[in-house]
Each structure stands twice: as C-alpha cells, then as structure tokens.
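Observations on the model geometry
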Amino acid sequence: MKFADLHLHTFFSDGTFTPEELVLRAQKAGLACIALTDHDSVEGCERAAAACTNVQMDFIAGAELTAEHEDTEVHILGYFLDTKNPVLLKRIAEFQSVRHNRITEMVAALNKLGIPLKAEAVFALANCKSPGRPHVARALVKEKLIDNLDEAFERYLKKGRPAWVPKTKMSALESVELIHQAGGLAVMAHPGLNRTDDIIPALVKAGLDGIECFHTKHSTVMAERYLEIAEKYNLLVTGGSDCHGFSKKQPLIGTVRLPYDHVEKLKAKVAERKSETTDKHR
Ligand code: AMP
Ligand code: ZN
Ligand code: FE
Ligand code: FE
C-alpha cells in the first residue's frame, strides 16, 4: 500500500530541514508522496519538486496560509498551487512582511521584560522570508536565555503571554479564493488543534475543498469525527504529520500516513476544476 504525508515544513518557514533533506527523510520513511506546506511561503517547492523527481516520489506544491474568520485563527492549506501565480506571490509577500515586523515587536516585548535578545539574532537564525515564533524560541535557547523551546512558548510566546504579538491575517474566505485562483485546492488544516469546527459551514459555502482529518495532534476519535464531517459536507480528506524537523521535539515526517487513494481523489478534483475553467474560456 502507498502512503502520503501532506503537511510538511522546511527552513523556508519554521522547519529545520532543507527541501532535499526532507525528501531524503520521506524516502527513508517509505512515503510515495509528499506535499510541502510552509507557512505563508511557496519558496521551497521548486527544490522539493526537483528532489522528488530524482527519487521518483510524487510531489504536491503547497503552502499553509495563516487566516482568520470572525476572530478565529484558522490555517488553510493550499495544494497543487501554481507557485508562480503573481496574485498569490504578491499576497504572500505582504504577509511575510507582517511576519518580519512581528518578530521585531516580539523582541521589543522581550527586551521590556529584561531579556536581552536581539532581533538580528532571530533573523540570522531564521534566514528566511517567513519567520515566526519558533524562530524566536530557538534564538532564545541558542542565546541561553531560556532552557528549551517549550518553556519559551509557555513563558513568553503563546497567546496571552507577555511577548505574544497578534498577527494580521488574511480572511479565511480570501485565502480560499486566493488558492483557487492559483489553481489549487483549499483544505482546512488541523481543525482539532485550532478548534475551528464552528466555521466549517461558512468555509464550505466559500468553496473549501477538503479537511485535514489525520494530523499529529488529532486523536483517533477526532480523526473519526472529521471523517464524518468530510462526508457530511462532501469534502476531500487529507492528512499529514506537520513535521518541523528539529523545531519541534523530533522530526515527525511519516508518522501520519495518508492512504494514497485520498491523493488520487485530490488529483481528480484538480483535474475536474481545470477542465471546468478551460470549458468556461472556450
Ligand atoms: P506563528 O506562525 O509565528 O504564529 O507560529 C506558529 C508556529 O508555532 C506553528 O508551527 C506552531 O506549531 C508553533 N507553536 C505554537 N504554539 C507552540 C507551543 N506551545 N510550543 C511549540 N510550538 C508552538
Ligand atoms: Zn510552523
Ligand atoms: Fe498550522
Ligand atoms: Fe503546519
């Protein structure tokens, strides 16, 4: 049987692996297909695609967009994206700039607490266009200002803690539209983690294509619940480990394994969408 892991991060956002390392590890984990879903970035997709071609692995170009709907944060995964789509790239660049400013604000908040972290230390460690809280946590550990990553989140960075800075996000409805106009499928990420059940109907109405039923932080009961929801709303089913390399306790790639027939269904939907668009333009 073939399996896929459709939720993975590289050092183009807050993961620690290069695209090539990620593909190598996917191969070792016996995966037949992977999707790269960096936060607000598609930059690593070209390298990951090339590395996958080399080992004859199936690759899906994706991204994880940070969005919100009526004050609820929701992550929307885009799959089969045209990574050169100008509208997508423009919006991504805007949100990357928000992420940069937010790092500076988080560091300022830490400095106010008497923690002498420099923004340059975070940017040097992040060295990417899509920096986030895990980079701040890693910089704090590296500079020996805290013992470990968990403590950094617990004491300073998680919502409600003194160095937490809210992030301007795009609306979830826009994110679905943005993904669609870039030729992709829009999927709600880890609904059990963000507790976004209430907003599922609104997103379905806006054209949501799928829901991530299988995820590292989903229990079996949760996965079953989201499989039922998928059936109810006629949504495609996805799953992935949300591997961040060593930004989390351990690399998770391959620990969530999506049966490949779900990938086939995703592909069929993209093909169907493409033929609809071609027909419209005839
Ligand atoms: P950001 O996009 O900057 O808000 O950061 C989100 C990232 O931080 C995601 O990859 C989360 O998995 C990670 N994260 C959020 N909360 C925690 C936590 N308590 N401990 C470790 N990582 C976390
Ligand atoms: Zn992340
Ligand atoms: Fe997420
Ligand atoms: Fe993720």
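Moving on, we come to the overall build of the protein. When helices and strands are counted, the protein shows 11 helices and 9 strands. The C-alpha atoms of the protein give 18 Å as radius of gyration, which agrees with the globular expectation for 282 residues (19 Å, within 12%). With respect to the three principal axes, the spread of C-alpha positions in the protein is 60 × 40 × 40 Å. Expressed as a percentage of its 282 residues, the buried residues of the protein come to 51%. Long-range pairs, those at least 24 residues apart, make up 70% of the contacts in the protein with a sequence separation of at least 6. Carbon and sulfur atoms make up 52% of the accessible area of the protein, which amounts to about 13400 Å² in all. Distance between charge centres in the protein, computed from 37 positive and 38 negative side chains, equals 3 Å.

Every residue close to ligand 1 is listed here: Asp-14, His-39, Arg-99, Arg-102, Gly-132, Arg-133, Pro-134, Phe-153, Lys-167, His-244 and Lys-248. Between ligand 1 and Asp-14, the relevant distance is 3.2 Å, taken from an oxygen atom to a side-chain nitrogen or oxygen of the residue. The contact in question runs from an oxygen atom of ligand 1 to an N or O atom on the side chain of Lys-167, over 2.8 Å. Notes on ligand 1: free accessible area 500 Å², of which the protein chains cover 79%. Among the secondary structure elements, those contributing two or more residues to the shell around ligand 1 are α3 (86-112) and α5 (133-142). Split by residue class, the shell around ligand 1 holds 2 nonpolar, 3 polar and 6 charged.

Our focus in this paragraph is the coordination of the zinc ion (ligand 2). Looking at the metal site, the zinc ion (ligand 2) is ligated by Asp-14 (OD), Asp-14 (OD), His-39 (NE2) and His-244 (NE2), spaced 2.0 to 2.6 Å from it. Of note, the zinc ion (ligand 2) draws all its donor residues from one chain, in the sequence arrangement D-x24-H-x204-H. In this structure, the zinc ion (ligand 2) lies 4.7 Å away from the iron ion (ligand 4). Linking Asp-14 in the loop between β1 (3-8) and α1 (19-28) with His-39 in the loop between β2 (33-36) and α2 (45-54), this pair joins segments that are 25 residues apart in sequence. The burial state of Asp-14 is the same as that of His-39; both residues are buried.

Each donor-metal-donor angle would ideally measure 109.5 degrees in four-coordinate tetrahedral geometry, or 90 or 180 degrees in six-coordinate octahedral geometry. The iron ion (ligand 4) binds to the protein through His-7 (NE2), His-9 (NE2), Glu-64 (OE) and Asp-242 (OD); the donor distances cover 2.1 to 2.2 Å. One can describe the donor arrangement at the iron ion (ligand 4) as irregular, given that its 4 donor atoms subtend angles of 78 to 165° at the metal. Read in sequence order, the donor residues coordinating the iron ion (ligand 4) give the pattern H-x1-H-x54-E-x177-D.

To continue, consider unusual backbone geometry. Positive phi outside glycine occurs at Lys-144, with the angle close to 60°. Note on Lys-144: relative accessible area 73%, which makes it exposed. Although it is not a glycine, Asp-242 sits at a positive phi angle of roughly 65°. Checked against the element boundaries, Asp-242 lands in the loop between β8 (236-240) and β9 (258-259). Accessibility expressed as a relative area gives 8% for Asp-242, which makes it buried.

It is worth spelling out the nonpolar core at this point. Core analysis: the biggest nonpolar cluster contains 64 residues, and Leu-6, Ile-34 and Ile-211 have the highest contact counts within it. For this core, the element with the most residues is strand β3 (residues 58-69), which contributes 6 residues. In terms of nonpolar packing, the next biggest core, distinct from the first, is built from 20 residues, Val-136, Ala-137, Ala-152 and Ala-163 among them.

The next point concerns the packing of α3 against α5. When two helices pack together, their arrangement is given by the angle between the helix axes and the distance between those axes. The interhelical angle for the contact between α3 and α5, taken along N-to-C directions, is 40°, at an axis separation of 10 Å. Looking at the two axes, α3 sits oblique to α5. Note that α3 runs across α5; the crossing there is right-handed. For the pair α3 and α5, contact is made by Arg-102, Ile-103, Met-106 and Leu-110 and by Arg-133, Val-136 and Leu-140, respectively.

Here is what the cut-offs are and how they apply
- Residues numbered from 1 in each chain as written.
- Chains lettered and ligands numbered in written order.
- Predicted model: local features only at pLDDT ≥ 70, side-chain atom pairs only at ≥ 80, totals over all residues.
- Heavy atoms only, no water.
- Helix = DSSP H or I, 4+ residues; strand = E, 2+ residues; numbered from the N terminus.
- Rg over C-alpha atoms; globule rule 2.2 N^0.38 Å.
- Buried < 20%, exposed > 50% of the residue type's maximum accessible area, 1.4 Å probe, protein only.
- Contact = heavy atoms within 4.5 Å.
- Areas by Shrake-Rupley, 256 points an atom, 1.4 Å probe, with all protein chains shown as cover.
- Lys, Arg positive; Asp, Glu negative; His and termini not counted.
- Charge placed at Lys NZ, Arg CZ, Asp CG, Glu CD.
- Near = heavy atom within 4 Å.
- Polar contact = N/O pair within 3.5 Å; in protein donor to acceptor, adjacent residues only side chain to side chain.
- Nonpolar A, V, L, I, M, F, W, Y, C, P; charged D, E, K, R; others polar.
- Donors = N, O, S within 2.8 Å, 3.2 Å for Na, K, Ca; no water.
- Tetrahedral: all angles 85-135°; square planar, octahedral: opposite > 155°, others 65-115°.
- Core = buried A, V, L, I, M, F, W, Y, C linked by side-chain atoms within 4.5 Å.
- Axes fitted to C-alpha atoms, helices over the stretch in contact; angles between N-to-C directions.
- Parallel < 35°, antiparallel > 145°, perpendicular 65-115°, else oblique.
- Left-handed = near helix turned anticlockwise from the far one by under 90°.

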